[in-house]
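For reference, the chains in residue letters:
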Amino acid sequence: MKRIMLMGALGVFAVSALASCKKDYTCDCTVNGLPLAIPITDAKKKDAQSTCDAAETTYSAAGTASCTLN
């Protein structure tokens with residue numbers, strides 16, 4: 001019985017360890033010298049980075065822009 005419970009607990013741990021980690025991020029931008037923070041909620045890091053890169057591209061059309069993901 002204990003062995004079955006241990007195997008079940010290990011299975012739950014393995015599934016949670018392999019699940020994608022979604023977190024909240026902030027894309028900190030400076031647009032024409034003015035600070036701007038863009039919240040990105042419940043996203044994978046790769047998706048948050050893409051969103052932040054897209055924001056930098058969009059704001060670059062208005063002048064000088066630089067964004068970093070935090």
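Residues numbered from 1 in each chain as written. Predicted model: local features only at pLDDT ≥ 70, side-chain atom pairs only at ≥ 80, totals over all residues. Heavy atoms only, no water.

> How would you summarise the state of the cysteines if you had to cite specific residues and measurements?
The full count for this structure, using the stated rule, is two disulfides. Across a sulfur-sulfur distance of 2.0 Å, Cys 29 and Cys 67 are joined as a disulfide pair. Handedness here is read from the sign of the S-S torsion; for Cys 29 and Cys 67, about 110 degrees, the answer is right-handed. With Cys 29 in strand 1 (residues 23-31) and Cys 67 in strand 3 (residues 65-69), this residue pair connects regions lying 38 residues apart in the sequence. Among the residues examined, Cys 29 registers a relative accessible area of 3% and is labelled buried. Counting its disulfide-bonded cysteines in sequence order, the chain shows a connectivity of 1-3, 2-4. (Disulfide = S-S within 2.5 Å. Helix = DSSP H or I, 4+ residues; strand = E, 2+ residues; numbered from the N terminus. Buried < 20%, exposed > 50% of the residue type's maximum accessible area, 1.4 Å probe, protein only.)

> A description of helix 2 (residues 45-60) should follow, citing residues and the corresponding values.
For helix 2, with 16 residues, the first-to-last C-alpha span of 22 Å sits near the 22 Å given by 1.5 Å per residue. Among all positions of helix 2, only Ala 48, Cys 52 and Ala 55 are buried. One side of helix 2 carries all its buried residues, which in axial view fall inside an arc of 55 degrees. Summarising the geometry of helix 2, the exposed residues directed more than 90 degrees from the buried face are Lys 46 and Thr 57. On the buried face of helix 2, the contacting elements are strand 1, strand 2 (34-43) and strand 3. (Expected span 1.5 Å × (residues − 1). Arc of directions from axis to C-beta. Contact = heavy atoms within 4.5 Å.)

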